[in-house]
Amino acid sequence: MTDTNNTVAAPSILSKIAKSIGLLKESPIAIFGLSLIMFWVILAILAPILPLYDPNTPLEPFKFPLDGSAKNDGLYWLGTDHKGRDILSRVIFGAQQVLVWATMATAVAYIVGMFMGVVAGYLGGWWDEAISFISNVLLSFPVIVLYIIIITYLGATGFNIVLAVTFASAPGIMRIVRGLVLDLRTRDYIFAAQTRGESAMYIMLVELLPNARGPLIVDACLRLGYTTITIAMLGYLGLGLPPPDPDWGKMIAETQPLGSFAGHMALVPAIAISSLVLGFNLLADGLREISMRD
């Protein structure tokens, strides 16, 4: 019996994936946004095997794009910074840092926010009042102030960035999930599950959250873009990932004392941030269009 169920489940999952890809093709905006994201994902994955200079090794300072290297026959495709580090290498390895920590921070914020929202929306009563009060307290803090407080007191590490993003984003996610659950909990399939004697945890995790996935997927794409900007902003303020890890925001900040002479040093990471965030936003817009058609 178990083998039969597994045999049936696998084609079912594959058919859902194929259907999702087919729906995505209906939106050129979504395809373009996904292409921008995959461009950076592929570069980040291939970074260790690409023929790149070490991103933290000083080579020749203030080389402009396409300048040749005096030390060997190499070429600095995007130039070097004031410390002689290859900008192309730092941008590509910086994509690893941004994608890993942005994805992790958004995922943790969603786990916490969805749990809070589904409990508040389904159980109601004092659960709803307590969770809503905590969320309102956190939302009352200006986001940038909340980031600075957490990172300053706990230290600039990837884990603490995840913690800061979770504190800032989970209350907003909680409100979205709570609103969806308040609508879904009156549906017939919820009453059927209650009649069968299913536990509250089962109903929340199996019946409610999967049926709220549409708006949450769109919001998750947007929040990935917000989190990318947040990580770059923290790096710009000196509160990002600790050196020597490449950091797009830190790369822009390092050009400030150098003036217009180092304009290309700031332009490259700025374009990288903008293109990745644009990809997430376009993918979210495309997914929203598709959901409205359905």
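Bear in mind the structure is a predicted one, so any value in this text is a computation, not a measurement.

Engineer: Help me understand the environment of Asn211, please; the structure alone is not making it clear to me.
Structural biologist: With respect to the element layout, Asn211 can be found in the loop between α8 (200-208) and α9 (213-236). Counting along the chain gives 31 residues from Asn211 to Leu180, while the straight-line C-alpha distance between them is 9.1 Å. Among the polar contacts made by the side chain of Asn211, one reaches the main-chain carbonyl oxygen of Glu207 at a distance of 2.5 Å.

Engineer: So what exactly am I meant to see when it comes to the packing of helix α7 (residues 188-195) against α8 here?
Structural biologist: When two helices pack together, you describe them by how their axes are tilted relative to each other and by the distance separating the axes. Interhelical geometry of α7 versus α8 gives an angle of 145° and a closest axis separation of 11 Å. As for how α7 packs across α8, the hand of that crossing is right-handed. Together, Tyr189, Ile190, Ala193 and Gln194 of α7 and Ile203, Glu207 and Leu208 of α8 make up the contact between the two elements. Across the contact of α7 with α8, the residue classes break down as five nonpolar, one polar and one charged.

Engineer: Explain the side chain of Thr80 here, please?
Structural biologist: Here Thr80 lies in the loop between β2 (75-76) and α3 (87-123). Among the residues examined, Thr80 registers a relative accessible area of 0% and is labelled buried. Excluding residues that lie within four positions of it along the chain, Thr80 makes contacts with Glu60, Pro61, Phe62, Lys63, Arg85, Asp86, Ile87, His264 and Met265.

Engineer: Help me understand the pattern of salt bridges in this model?
Structural biologist: Two side chains with opposite charge may pair up if their charged atoms get near one another. All chains considered together, the criterion is met by eight salt bridges. In this structure, Arg196 engages Glu198 in a salt bridge whose closest nitrogen and oxygen atoms are separated by 3.3 Å. According to the relative accessible area criterion, Glu198 is partly exposed, its value standing at 29%. Here Arg288 ties to Asp285 by a salt bridge, and the two come within 2.9 Å at their closest N and O atoms. With Arg288 and Asp285 both in helix α11 (residues 263-293) and three residues apart, the pair spans about one turn of that helix. With a relative accessible area of 33%, Arg288 lands in the partly exposed category. Where salt bridges share partners, they join Asp81, Arg85 and Glu254 into one cluster.

Thresholds, definitions, all that
Residues numbered from 1 in each chain as written. Predicted model: local features only at pLDDT ≥ 70, side-chain atom pairs only at ≥ 80, totals over all residues. Heavy atoms only, no water. Helix = DSSP H or I, 4+ residues; strand = E, 2+ residues; numbered from the N terminus. Polar contact = N/O pair within 3.5 Å; in protein donor to acceptor, adjacent residues only side chain to side chain. Axes fitted to C-alpha atoms, helices over the stretch in contact; angles between N-to-C directions. Left-handed = near helix turned anticlockwise from the far one by under 90°. Contact = heavy atoms within 4.5 Å. Nonpolar A, V, L, I, M, F, W, Y, C, P; charged D, E, K, R; others polar. Buried < 20%, exposed > 50% of the residue type's maximum accessible area, 1.4 Å probe, protein only. Salt bridge = Lys/Arg side-chain N within 4 Å of Asp/Glu carboxyl O.

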